[in-house]
Amino acid sequence: MVIRYFDNAATTKVKKEVLEEMLPYFNEKYGNPSSLYSIGRASKKAIEEARKKVASLINANPNEIYFTGCGSESDNMIIKGIAHKERKKGKHIITSQIEHPAVLHTCQALEKEGFEVTYLKVSKEGFINLEELRNSIRNDTILISIMFANNEIGTIQPIEMISKIARMHNIVFHTDAVQACGNIPIDVKRMGIDCLSLSGHKLYAPKGIGALYVRNGIEFEKFMDGGHQEKNKRAGTENVASIVGLGKACELAQMNLKNHQMHLEELRDYFIKEVEEKIDGAILNGSIKNRLPGNSNFSFPMVDGEALLLNLDAKGICASAGSACTSGSSKPSHVLTSIGLPDDLAHSSLRVSFGEDNTKEDVDYLIENLCEIVQRLRKQY
Ligand SMILES: *Cc1c(COP(=O)(O)O)cnc(C)c1O
């Protein structure tokens, strides 16, 4: 059966050009980047070229980019790194209720160490309230961490306003931009972002590689003890092939950003329009205007989300009932409950996230099957 993949917020396929660029680093150019002979130096050079490409995508300086093991590690590294560095200065952190578990659980872990965390509420569309942010700031606030765009409902936060507030109070601002990078333009200098997390497998590079941007001048404690890799912040021999892949993916993302964004928006808007026309009572979760180009998220009253996914799967359609991390557990998604959905609507939600390979024909196939399945499941509800 042909697989139609609509779960690009969970992970993406590695691009052909990315894979090709990576392959020599497994068995031809396999030198340790810390070694001084030629194939070692070649690995080192490849890493530094990749660092430039990652930096360029977000308009950072190359020496502000640290390679990590994944997006989750980037989040852990900077949130814990700043907390531990600044613990004498303060113990208060501000984040939001709808963060990815990589941020949420990191903050909860810090609470056990004695840090205090404010989890900002969000509106029905998933936006934090800037007034509430201002009012939450204390003398001992050391970090504000607010995601760029949400992985379930696609809501894009007013990042520049948040960074202005953080700057005004001299507080470091971190953003988890794993969903945004490669899909919408990001300029850390213009947007005033101090620290940013990104992940390879959400932008057509492999799983198990991430990057962290930290503006020069911001201090944080090292994440991993050992060798002196990554400016002595993240020990361990570098994952050269994946770093090269991430660099290539960022280069391609930067080159194609406009077209890529437009392609996803076209599919998304078409899908949303068709669903609203054809499925009674469908509720779009998230914001209409400030939304990731490839994200759609619907609740279908009187439909069991899990049954919906299984029936779609039987037709070769991959989608998600929320974030990949929460499917498999029966607790409703914390994002959907935070935007005020009652449990039953949260359990009847479907996330469809588009990627570069999707075509309008794919979407037509999806819509046709979705309508049929929703109707059928409603009869059994
Ligand atoms: C996927 C994701 C992460 C985690 O990235 P990994 O590389 O899978 O660890 C973090 N934050 C957001 C918003 C994500 O979508």
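Residues numbered from 1 in each chain as written. Predicted model: local features only at pLDDT ≥ 70, side-chain atom pairs only at ≥ 80, totals over all residues. Heavy atoms only, no water.

### Some points on the overall build of the protein chain
Check the secondary structure of the protein chain and you find 14 helices and twelve strands. On C-alpha atoms alone, the protein chain measures out to a radius of gyration of 21 Å, which is about the 21 Å that the 2.2 N^0.38 rule sets for 381 residues. Dimensions along the principal axes, computed over C-alpha positions, put the protein chain at roughly 65 × 55 × 35 Å. Split by element, the accessible area of the protein chain, about 16,700 Å² in all, is 51% carbon and sulfur. With 47 positive and 49 negative side-chain charges, the protein chain shows a spacing of 5 Å between the two charge centroids. (Helix = DSSP H or I, 4+ residues; strand = E, 2+ residues; numbered from the N terminus. Rg over C-alpha atoms; globule rule 2.2 N^0.38 Å. Areas by Shrake-Rupley, 256 points an atom, 1.4 Å probe, with all protein chains shown as cover. Lys, Arg positive; Asp, Glu negative; His and termini not counted. Charge placed at Lys NZ, Arg CZ, Asp CG, Glu CD.)

### Examining the packing of helix 4 (residues 71–86) against helix 5 (residues 101–112)
As a packed pair, helix 4 and helix 5 sit with axes 9 Å apart at the nearest point and diverge in direction by 30 degrees. Between helix 4 and helix 5, the angle falls in the class roughly parallel. As helix 4 runs across helix 5, the sense of the crossing is right-handed. Contacts from Ser 72, Asp 75, Asn 76, Ile 79, Lys 80, Ala 83 and His 84 of helix 4 reach helix 5 at Ala 102, Val 103, Thr 106, Cys 107 and Leu 110. Among the residues forming the contact of helix 4 with helix 5, the class breakdown is six nonpolar, four polar and two charged. (Axes fitted to C-alpha atoms, helices over the stretch in contact; angles between N-to-C directions. Parallel < 35°, antiparallel > 145°, perpendicular 65-115°, else oblique. Left-handed = near helix turned anticlockwise from the far one by under 90°. Contact = heavy atoms within 4.5 Å. Nonpolar A, V, L, I, M, F, W, Y, C, P; charged D, E, K, R; others polar.)

### Re the domain arrangement of the protein chain
Along its sequence, the protein chain is organised into domain 1 (4–12 + 257–380) and domain 2 (16–252). Measuring from the centre of the C-alpha atoms in domain 1 to the corresponding centre in domain 2 gives 27 Å. Contacts between the two partners involve 30 residues from domain 1 and, on the opposite side, 32 residues from domain 2. For the pair domain 1 and domain 2, the summed buried area comes to about 2,600 Å², and 55% of that belongs to carbon and sulfur atoms. For the interface between domain 1 and domain 2, the tally reads zero salt bridges. Taken together, the connections running from domain 1 to domain 2 amount to 16 residue pairs in polar contact (both at pLDDT 80 or more). (Domains from an automatic or database assignment. Buried area = accessible area lost by both parts, 1.4 Å probe. Salt bridge = Lys/Arg side-chain N within 4 Å of Asp/Glu carboxyl O. Polar contact = N/O pair within 3.5 Å; in protein donor to acceptor, adjacent residues only side chain to side chain.)

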